[in-house]
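So you can see what is in the structure, the chains are spelled out below.
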Amino acid sequence: MADRNGSRNRKRKKKSAKRLGFILLLELLLLVFLAGSYYIISKNKKDNNNPGKIVDNNQDKNDKSKGNNKNTNEKDKNEIEEKLSQAELAALREQERLLKEITEREELIEEAKKLTLSYDYDSAIEMIKTYQGKEGGYEVYPALVTAINELETTKNSLVLYGGSYTSVAQFNHIFFHSLIADNSLAFDGDYDSTGYNMYMTTTYEFEKMMQSMYEDGYVLVSVHDLAKQVTDENGKTKFVEGEIYLPPGKKPFVLSQDDVNYYDYMDGDGFASRIVIGGDGKPTCEMILKDGSVVQGPYDIVPILDAFVEEHPDFSYKGAKGILALTGYEGSLGYRTDDPTSPTYEQDKETVKEVARVLKENGWEFASHSYNHRNMLEKSFEFIKNDTNRWLDEVAPLIGPTDIFIFPFGVDIERTMGHYSSDKYTFLKKAGFNYFHGVDSKPWMHLKDDYVRMTRRPLDGQAMLQFPERLKDLFNLDEIIDPERPPMNW
Ligand SMILES: [Zn+2]
């Protein structure tokens, strides 16, 4: 991969060097033009102030035989010269404008092409079509028309779901919990080490997985692109398969992360402690070290995947990242926004709002993971109603509205393989939820008129150590499993 990156960087460098050369040439031309104009203008000025000419004029004036005609001719000549220099100034300004607009159009094309790195050809074409120059719209500028034609050609070479699937129901939806950032603390042999070995993935493993999936052609997509709600001619809404067009061989998939709450029980066990906005304005993680000092860095999925997609924009369809599923009983994203007695309660709520806004800007979506994290199949309707309402009251105002529900423990509200029919479903639907996600070893998906139900595959220690055959289609686990992970110990 280093080689591939290297060659891409070299290409980029080559391209920007070429571009720089072109700009320098333009600037040189402009300088030559400016110098030329200055020479002509100053020459005209000199001519006008030329004492010889004044003498000539005086001579003309004194020369009665030539009369007023000669005088008028000289006056005209001066006016013409004056006018000429004004015309030249105007031409200069026009030249400057033309050069500026050429650069503007080139930059616009570059900007538009950036969108196509994540397959958003429609937005790229639309961006160029909005151009308005002095001479008219994009259609009068050959460079823009050529760029649009090129984009259309590439767009037409894309195929539905990269040709890898015939239905969105075949897409993978993989999920993780918080990543282990310090193996020595998570696998230290204390009472929760076994739980971490079963249900968590290390940062080492996550990075290997993403690299492997990227090399296999996988592309992150949003569930909102996978299935879309449309309104028919009678005003009735229904969910239909999204039309995701990708280069041949690409494989769309969905990623989610559960319990992005950084619970108290994980303190001191080698996990991030919360999500913050770094000095560069991008989301990152904070972690508390053994000595109590706080450090920022890529200690969980968000900053790791953000950096990976920044380096490989073709790993994401239209900038999609993943779904962050939040409970409410210990606050959100590592901030104890559940506790009104906390001295930082009000401030934490504002911080979570801001962090959530930046996360969404970076392609992340949010889901409810219930408030109390209880088994929703076993719990009563009354419990689920209160639990959901509490989540909507406490968590939703911080992260914004969402229509995605990720079931705690992956346990669905119903066992039916037909249409949901319980009052639990009716309540959740009324509360605004459309996308429901459980967990299954063999993934399946239902696309109904009124909801989407899609199971997910865990990529945790249990899956890797106990059921490695289930992951064969995705990875060569020998290359993925962290050498520091203990063997199966449950
Ligand atoms: Zn959970």
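Read on for a plain summary of the structure.

1. A look at unusual backbone geometry
Okay, so step 1: With phi around 55°, Lys318 is a residue other than glycine that occupies positive phi space.
Okay, so step 2: In this fold, Lys318 is placed in the loop between α10 (301–311) and β11 (323–326).
Okay, so step 3: Take Lys318: there are 17 C-beta atoms within 10 Å of it, and that puts it in the partly exposed class.
Okay, so step 4: Residues other than glycine seldom take positive phi values, yet Ser370 does so here, at roughly 75°.
Okay, so step 5: Inspection of the secondary structure assignment puts Ser370 in the loop between β12 (365–368) and α12 (381–394).

2. A word on the nonpolar core
Within soluble globular proteins, side chains that are nonpolar generally end up buried alongside one another.
Okay, so step 1: One finds Val221, Val223, Tyr317, Leu324 and Phe405 to be the most contacted residues of the largest nonpolar core, which totals 83 residues.
Okay, so step 2: Ranked by residues supplied to this core, first place goes to α10 with five residues.
Okay, so step 3: Non-local contacts of Leu324, meaning those with residues more than four positions away in its chain, are made with Gln257, Val260, Leu359, Trp364 and Phe366.
Okay, so step 4: Membership of the second largest hydrophobic core comes to nine residues, among which are Ala112, Ile128, Leu144 and Ala147.

3. Notes on the sheet that holds strand β10 (residues 294–297)
Okay, so step 1: Across the sheet, which stays open at both edges, the three strands sit in the order β8-β9-β10 with antiparallel pairing between neighbours. Looking at the sheet topology across the chains shown, the edges are occupied by β8 (274–277) and β10. On average, adjacent strands in this sheet sit at an angle of 40° to one another, irrespective of strand direction.
Okay, so step 2: One ladder, built from four bridges, connects β8 with strand β9 (residues 283–288); its direction is antiparallel. Bridge pairing links Ile275 to Cys285 in β9.

4. Quick look at the pairing of strand β5 (residues 237–241)
Okay, so step 1: Where strand β4 (residues 227–231) lies against β5, five bridges are found, and the strand directions are antiparallel. By the bridge assignment, Lys228 is partnered in β5 with Val240.
Okay, so step 2: Where β4 folds back on β5, the antiparallel hairpin that results is connected by five residues, among which Gly235 adopts a positive phi of roughly 85°.

5. Observations regarding helix α11 (residues 345–361)
Okay, so step 1: Taking 1.5 Å of rise per residue, the 17 residues of α11 would be expected to cover 24 Å, and the 24 Å separating its terminal C-alpha atoms lies within 8% of that figure.
Okay, so step 2: Regarding α11, the residues found buried are Asp348, Thr351, Val352, Val355, Ala356 and Leu359. Take α11 and look down its axis: the buried residues cluster within an arc of 135°, on one side only. Turned more than 90 degrees from where α11 packs its buried face, Glu346, Gln347 and Glu361 sit exposed.
Okay, so step 3: Where α11 is buried, its residues contact β8, β9, α10, β11, β12 and α13 (396–399).

Cut-offs and rules
- Numbers given to residues run from 1 along each chain, matching the order in which its sequence is written.
- Local features in this predicted model are restricted to residues of pLDDT 70 or higher, and side-chain atom pairs are both shown and tallied only at a pLDDT of 80 or more, whereas totals for entire chains, interfaces and linings draw on every residue.
- Helix and strand assignments come from DSSP, with helices taken as H or I runs of at least 4 residues and strands as E runs of at least 2, each series counted from the N terminus.
- Think of it as a crowd count around each C-beta: if 20 or more other C-beta atoms lie within 10 Å the residue is buried, if 12 or fewer it is exposed, and in between it is partly exposed, with C-beta placed from the backbone throughout.
- Each nonpolar core reported here comprises buried Ala, Val, Leu, Ile, Met, Phe, Trp, Tyr and Cys residues connected via C-beta atoms within 7 Å.
- Contacts here follow a simple rule: the backbone-placed C-beta atoms of the two residues must lie within 7 Å.
- Whether two strands pair depends on DSSP finding at least two bridges between them.
- Only the stretch in contact is used when fitting a helix axis, every axis being a line fitted to C-alpha atoms; angles between N-to-C directions are given from 0 to 180 degrees.
- Every helix has an expected span of 1.5 Å times one less than the residues it contains.
- The directions from the helix axis to the C-beta atoms are what the arc is built from.

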